[in-house]
Amino acid sequence: MADRWPEPLGSLAPAARKLSEHHRTGPFPASPIPAWQALTAALGWLHEARLACAEATPDAGKAAEWLLDNDYQVHRAIRQIRKDLPASFYARLPPLEARDGPALPRMFALAHELLKATCLQVSLAGAVGFVRAYQERHPLTIAELWAFPTMLRIACLEIVVAALTPMLPGRITLPFEPSAWANEPHGLDATGRVARGIANLAVIAAIPWDEFFDSVSLVEKALGGDPSGFYRKSDFETRDRCRRAVEELALHSTESETSVAAQAVHLAEAQGEEEAGRHVGYWLIGGGLPQLAMKVGARFPVERRLRDLVLRHPGAAYAVGLAICTVVALLLPSGYLWLAASPLWGWVAGLAAAFVPATILAVAVVHWVITRALPPRILPKLDFNDGLPKDCPTAIVVPVLIARESEVAALIEQIETHWLANADPRVRIALLADLRDAPQAQLPGDAATLSRLEKEVVALNRRYAKKRPGPFHLLARPRRYNPAEGCWMAWERKRGKLEQFNRMLVEGDESGFSLIVGHRASLADVRYVVTVDADTMLPPGSIARLVGTLAHPLNQPRFDETTGRVVAGYSIIQPRTEISPRSGMRSLFTRLFTGDTSIDIYSRAVSDVYQDLFGAGIFVGKGIYDVRAFHRSVDGRVPENAILSHDLFEGAHGRVGLATDIVLYEGFPTTYLEYARRLHRWIRGD
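Rules and cut-offs
Residues numbered from 1 in each chain as written. Predicted model: local features only at pLDDT ≥ 70, side-chain atom pairs only at ≥ 80, totals over all residues. Heavy atoms only, no water. Salt bridge = Lys/Arg side-chain N within 4 Å of Asp/Glu carboxyl O. Helix = DSSP H or I, 4+ residues; strand = E, 2+ residues; numbered from the N terminus. Pairing = 2+ DSSP bridges. Contact = heavy atoms within 4.5 Å. Axes fitted to C-alpha atoms, helices over the stretch in contact; angles between N-to-C directions. Phe/Tyr/Trp six-rings, centres within 6.5 Å; stacked < 30°, edge-to-face > 60°. Buried < 20%, exposed > 50% of the residue type's maximum accessible area, 1.4 Å probe, protein only. Lys NZ or Arg CZ within 6 Å of the ring centre and 35° of its normal. Core = buried A, V, L, I, M, F, W, Y, C linked by side-chain atoms within 4.5 Å. Left-handed = near helix turned anticlockwise from the far one by under 90°. Nonpolar A, V, L, I, M, F, W, Y, C, P; charged D, E, K, R; others polar.

A. Broad picture of the pattern of salt bridges. Scanning all chains against the criterion turns up 37 salt bridges. A salt bridge links Arg-503 to Glu-507; the shortest N-O distance between them is 3.3 Å. With a gap of four residues between them, Arg-503 and Glu-507 both fall in helix H23 (residues 493-507), about one helical turn apart. Where salt bridges share partners, they join Asp-214, Glu-220, Arg-239, Asp-240, Arg-243 and Arg-244 into one cluster.

This is how it looks when you write it as structure tokens:
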């Protein structure tokens, strides 16, 4: 990004450099900008101005037309200013040193000077060049850079108000006192200032300000020196978390933001090539943060230190909280027993009867406190939105149990939908099919069912194959006689399917499958597997985000060589699973059981007690896993016919990270009988 924007043309760079020569920041908080303080009054002014412009004089005709045609731009800008600039954020903006008059934020002056230098014609390239030139002398903070678009909106609002109000004398009054910058002519008459001021509000709304930030931030430039190279490969949210960590460390220390970022990079450079600390994120959002905080002399407030203490000792904190809440919950029955002068046996019986309800209440209270005291723990991610890299080939597998040939069409449609939603040259789709349990090895309809599956998968590959083999695969297993179940069935049901599939990928052992359709060689290099149910829906881009999460160096699994268990990082990433809105509205039964599915659940992270407190989630059978790490963590640990619900066991050994900001959707049974059948299959491990 550093070389993308050339030196700005004309007077932009000289104007920015000249401005920086005269700027000095003051030691006290910035004075409130009158326009920012009077946003409610500005909305009232807008309403009055619309009414006045409807009967405007010829002198105000063109300006009135601009407002009447584009008043929604002004209204949207006012709402955006109110949202993006709360008082707590405003207080972090350094003020300009003022000899007389209010000490307004430095970025407010920059916003007006940019508008003046460009004759009220804002552009991304102009903003980047202007701010870069200014920072040659005075570095700007992270908060200032994020506040810049808001300051431009306030400046444009001031200019429109200051120019239009005198053109409608006696009809509207000023809602606030505009700054001196707002009354400058900008090389235009009043009508031109109204027109360009309103037009700029539309331009500001369209500019990708995250791109602006990446291009001008000195902290971003410093962190870009990450010796591992993973910082620049991370997605915007992960990089933003690193920058916020830099900002917080600088806020509670005497170091500048650029100095904190440079020291984090220096610590990363001092690590060995294979160490996790080689990535600068380890020192900012990983296990190295306490060491970096000590190095820069950061002194966090009491609430932050208490939170860090809880996160360092989550088990003890959870146990103490549970014990305290349980004792408090037992006070009420204890008080009653005391007032009733109960004998010793009555105390024993009464407290024993109250103990279970008390613990249930205690668990609910402790979980409620945790979800409100701790922010959601969001896992870092690499940015794979432009496609998976060469070292991350991934297979989407759908383990299914087929009872009849008529079920084939729906399964084929489902795997085709998965491909269309997440088409990528390095994604493969595999249908892991078992035939239903039977009293004998073969049933009359088996051959027809398998033949139909094979035919449909071949047809899919023919349809989507271009210069490479098609992405679809079918792997079917034969029945074996299981004396414990007293029937012929596929070995170990769903767990067996995945274990034999993993063994084929890791060890090349294909003996578990009686039928393999598709280009077998394309599965040989698969690194990650996404396992979903037959009714799971994968939103577009979900595979790239899942792979990007598991591939991030801070999430890489690390093993205890003695036990073979994953003790840090993750071999499995469990996304959040929600009932699809369509499924949730099919019947009264689904509406009662699925709850609210009408809100936006795709883009937000939510709290989870186990992930937020302990740093690990619970595996429920849908998610992505690192094939070799997962296989290593569970291989040989499960005796045959010993486990029905295998997800919790696998998650305990492979360690699961919960990514609540990645959502998969699944269907829900329409009736109670269908729900009971699904529950029965789940209990049996299907």
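B. Representation of the sheet that holds strand E12 (residues 623-626) within the structure. Taken together, nine strands build an open sheet; the order of strands is E6-E3-E2-E1-E7-E12-E11-E13-E8 and the sheet is mixed. Single-partner strands in this sheet number two, and they are strand E6 (515-517) and strand E8 (536-537). Bridge count for E8 against strand E13 (residues 656-666) is two bridges, and the pairing is antiparallel. Looking at the pairing, Thr-536 lines up with Glu-666 of E13. In this fold helix H24 (residues 542-551) packs onto strand E1 (394-402), strand E2 (427-435), strand E7 (528-531), strand E11 (572-579), E12 and E13, with an angle of close to 175° to the strand it touches most, E13.

C. Local environment of the packing of aromatic side chains. Per the stated rule, a full pass over the model turns up 13 aromatic pairs. Where Phe-108 meets Trp-181, the ring centres are 5.6 Å apart and the plane angle is 75°; that geometry is what we call edge-to-face. Of this pair, Phe-108 sits in helix H6 (residues 106-117) while Trp-181 sits in the loop between helix H8 (142-164) and helix H9 (190-206), and the two are 73 residues apart along the sequence. Consider the rings of Phe-148 and Phe-212, whose centres lie 5.7 Å apart with planes at 20°: the pair is stacked. Placement of the pair is Phe-148 in helix H8 and Phe-212 in helix H10 (residues 209-216), with a sequence separation of 64 residues. In this structure Phe-148 comes out as buried when scored by relative accessible area, which is 0%. Ring-pair connections join several aromatic residues into one group, and the members of that group are Trp-146, Phe-213 and Phe-236. Above the plane of the ring of Phe-300 lies Arg-304, whose end atom (NZ or CZ) is 4.2 Å from the centre.

D. Fine view of unusual backbone geometry. Phi is positive for Glu-492, which is not a glycine, with a value near 60°. You can see Glu-492 is positioned in the loop between strand E5 (487-489) and H23. Residue Glu-492 is classed as buried on the basis of its relative accessible area of 9%. For Asn-641, which is not glycine, the phi dihedral falls at a positive 60°. Here Asn-641 is to be found in the loop between helix H27 (627-634) and helix H28 (647-654).

E. Representation of the pairing of E13 in the model. Among the 11 residues in E13, 11 count as buried, and that is most of the element. Alignment of E11 against E13, held across eight bridges, turns out to be parallel. Looking across to E13, one finds that Ile-573 is bridged to Gly-657.

F. Layout of the nonpolar core. Core analysis: the largest hydrophobic core is formed by 100 residues, its most contacted members being Phe-148, Met-151, Leu-223, Leu-249 and Leu-284. In terms of residue count, H8 provides more of this core than any other element does, 17 residues in total. Those residues within four positions of Leu-249 in sequence are excluded, and the remaining contacts are Val-260, Leu-284, Leu-289, Leu-292, Ala-293, Val-296, Ala-298 and Phe-300. Counting residues in hydrophobic clusters, the runner-up holds 42 residues, among them Val-408, Ile-415, Leu-453 and Ile-662.

G. View of the packing of H23 against H27. Direction vectors running N to C along H23 and H27 enclose 115°, while the axes themselves pass 10 Å from each other. Relative to H27, H23 is oriented so that their crossing is left-handed. Residues Asn-502, Arg-503, Leu-505, Val-506 and Glu-507 of H23 pack against Val-627, Arg-628, Phe-630 and His-631 of H27. Of the residues in the contact of H23 with H27, the class split is four nonpolar, two polar and three charged.

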